[in-house]
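Understanding the architecture of this molecule
Listed below, chain by chain, are the residues.
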Amino acid sequence: MTKIFIDTNIFLGLYESNEDTIEIFKDIEKVKDKSVFPRQVYDEFLRNRDQKLRRLKSNIKTNYKIEIHPTSLVRSSTEYNQLEKIKEDCIKIKKSLIQKIEEMIVDSSKDPIFSQFIQLYNSASVMKIERSDALIQKAFFRKLTGNPPISSKKDSLGDGIIWESLLEHVTDDLILISRDGDFKDYSTFLIDEYRSKTEKSLFIVETLSEALKSVGEEPSDKLVQFEEEQKKRILYVATDLSDTLEGLNSLARAIDRSHIAGLSSLAEEVNKSYVASLGSIDEATERWNSLARAIDWSHFAGLSSLAEEVNKSYVASLGSVAETAARWNSLARAMDISPFMRQSDMVERLLDSPSRNLNYLSTGYDSETSEWLEGDVNENQEESAPDESSQKKDYTTEETQVETKADKDIEQ
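In what follows, the accompanying structure is described. What you are looking at is a predicted structure, and each value in this text was computed from that prediction instead of being measured.

What the protein contains, in helices and strands, is 16 helices and 7 strands. Across the protein, contacts joining residues at least 24 apart in sequence account for 69% of those joining residues at least 6 apart. With the model as given, the accessible surface of the protein reaches about 27200 Å², and the carbon-plus-sulfur share is 54%.

Given below as structure tokens:
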């Protein structure tokens, strides 16, 4: 007896059908006792139905709109009011339809296609094949060796698991129904492998109508129309994809031309800017050389001026030092003290004998000319001066003390 395998994409295509899906499932029921259902197909259907429903919901939101942009003349008409009422009703129906699809996503029992699918899968007359680790391992090694069926999804083993399930459990002639190229594009290899494994024949077709006719069943008009829709959709998608690829190729060529043109323009601009920059560099170099020369001249001029100023201030300072030393010596002689006496000691001496020294200073130093004057100071000294021996003794003592302090200062 011939077995029939229906690929997952046939069942998922029912979500895109404009025909009554219940009628289409009646055609599938005609070959129910010949059907082979690998567990992988069941899982793929459950995994992708939510995506199909969400796509339907998005399509309703985007496309089912009534847009009215009238002038004031149109808005004043009765027909415009009727259109506005229809628009409001359409919005309400649209929201209700979207809500219904959302409920199907959440609760699969409200999805009529899913309910029909589960009913077929659970039928006792359907041959079900459970997935096993051994089948997964075989599918994995098949993918490693590059043998078909090769899925368009690089990381998927789904088609390989389905094929290994059929090879492992089907021992009759097999009609494989699939709309994608995962099986059909490698029909020669798969037919040969199936014959080698089972010594039976494999037939790969795209529609359920072909499979029904092969086993002597007549497809319904609903099924035929559904399959025509699928062919048109596939053709439309293929044409749209082809146009997209052509557009991408044209864009790539345009980008390539603009890239080359851009490189040419860039090279030209770079060349211009390079020449301009060379001129700027020459100007900058000349300015730098001028600055260097100016700095060099100012450097030498500055050194010369500095040396001259230092020399002047040095000579002036030497004169000041000599003048200060002369004044100090004159003051020391006037006070009858050693010129090595420190200023602090000299102040102490002045405080100890103010009358003698101040009188002496007042007659011997001219503050206006900064010079010491010669004068007779003995007259003033005779009245208050002590006797000669006492004066000499004191002077000697004081002189000795002064010299001792001076010697200490020198030693320090």
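Glancing now at the pattern of salt bridges. Following the criterion strictly, the structure yields 16 salt bridges and no others. The residue Asp 50 makes a salt bridge to Arg 49 at a minimum N-O spacing of 2.8 Å. We classify Asp 50 as partly exposed; its relative accessible area is 22%. A salt bridge links Asp 111 to Arg 49; its shortest N-O distance comes to 3.2 Å. Remark: Arg 49 occurs in helix H3 (residues 39-63) and Asp 111 occurs in the loop between helix H5 (78-106) and helix H6 (112-121); sequence separation between them is 62 residues. In this pair, the class of Asp 111 matches that of Arg 49, namely buried. The structure contains a network of salt bridges with shared partners spanning Arg 39, Asp 43 and Arg 131.

Our focus in this paragraph is the pairing of strand E1 (residues 3-6). Here E1 shows no split at all, with Lys 3 and Phe 5 on one side and Ile 4 and Ile 6 on the other all buried. Direction of pairing for E1 relative to strand E4 (residues 174-177): parallel, over a ladder of 4 bridges. Residue pairing for E4: Ile 6 is matched across the bridge by Ile 177. Sheet topology places E1 next to strand E2 (residues 35-38); 2 bridges connect them, and they run parallel. When the bridges of E2 are listed, Phe 5 appears paired with Val 36.

Another point: helix H8 (residues 158-169). Between its first and last C-alpha, H8 extends 17 Å over 12 residues, near the 16 Å set by a 1.5 Å rise per residue. Counting buried positions along H8 gives 10 out of 12 residues, so the element sits mostly inside the fold. Every buried residue belonging to H8 is among Gly 158, Asp 159, Gly 160, Ile 161, Ile 162, Trp 163, Glu 164, Ser 165, Leu 166 and Leu 167, and all of these are buried.

Further remarks concern H3. When the terminal C-alpha atoms of H3 are compared, their 36 Å separation across 25 residues agrees well with the 36 Å that a helix rising 1.5 Å per residue should span. If you look at H3, its biggest bend is around 30°, right at Asn 48. Residues Gln 40, Val 41, Tyr 42, Asp 43, Glu 44, Phe 45, Asn 48, Arg 49, Lys 52, Leu 53, Lys 57 and Ile 60 constitute the buried set of H3. In this structure, the buried residues of H3 make contact with E1, helix H1 (8-12), E2, H5, H6 and H8.

A word on unusual backbone geometry. Residue Pro 149 is bonded to the preceding Pro 148 through a cis peptide linkage, with omega at 5°. Along the chain, Pro 149 falls in the loop between helix H7 (133-145) and H8. For Glu 199, which is not a glycine, the phi torsion comes out positive at approximately 60°. In this fold, Glu 199 is placed in the loop between helix H10 (187-198) and strand E5 (202-205).

Here we come to the environment of Ile 22. By the element assignment, Ile 22 lies in helix H2 (residues 21-29). Classification of Ile 22 by relative accessible area gives partly exposed; the value is 38%. As for Ile 22 and Ile 113, which are separated by 91 residues in sequence, their C-alpha atoms are 7.7 Å apart.

With that settled, the discussion passes to the packing of H7 against H8. Direction vectors running N to C along H7 and H8 enclose 120°, while the axes themselves pass 8 Å from each other. The angle between the axes of H7 and H8 places the two elements in the oblique class. The chirality of how H7 crosses H8 is right-handed. Here Leu 135, Ile 136, Lys 138, Ala 139 and Arg 142 of H7 lie close against H8, whose contacting residues are Gly 160, Ile 161, Trp 163, Glu 164, Ser 165, Leu 167 and Glu 168. The residue makeup of the contact of H7 with H8, split by class, is 6 nonpolar, 2 polar and 4 charged.

Rules and cut-offs
- Residues numbered from 1 in each chain as written.
- Predicted model: local features only at pLDDT ≥ 70, side-chain atom pairs only at ≥ 80, totals over all residues.
- Heavy atoms only, no water.
- Helix = DSSP H or I, 4+ residues; strand = E, 2+ residues; numbered from the N terminus.
- Contact = heavy atoms within 4.5 Å.
- Areas by Shrake-Rupley, 256 points an atom, 1.4 Å probe, with all protein chains shown as cover.
- Salt bridge = Lys/Arg side-chain N within 4 Å of Asp/Glu carboxyl O.
- Buried < 20%, exposed > 50% of the residue type's maximum accessible area, 1.4 Å probe, protein only.
- Pairing = 2+ DSSP bridges.
- Expected span 1.5 Å × (residues − 1).
- Bend = angle between axes of the 7 residues up to and from the residue.
- Axes fitted to C-alpha atoms, helices over the stretch in contact; angles between N-to-C directions.
- Parallel < 35°, antiparallel > 145°, perpendicular 65-115°, else oblique.
- Left-handed = near helix turned anticlockwise from the far one by under 90°.
- Nonpolar A, V, L, I, M, F, W, Y, C, P; charged D, E, K, R; others polar.

Everything listed is a geometric property; what it means functionally is a separate question.
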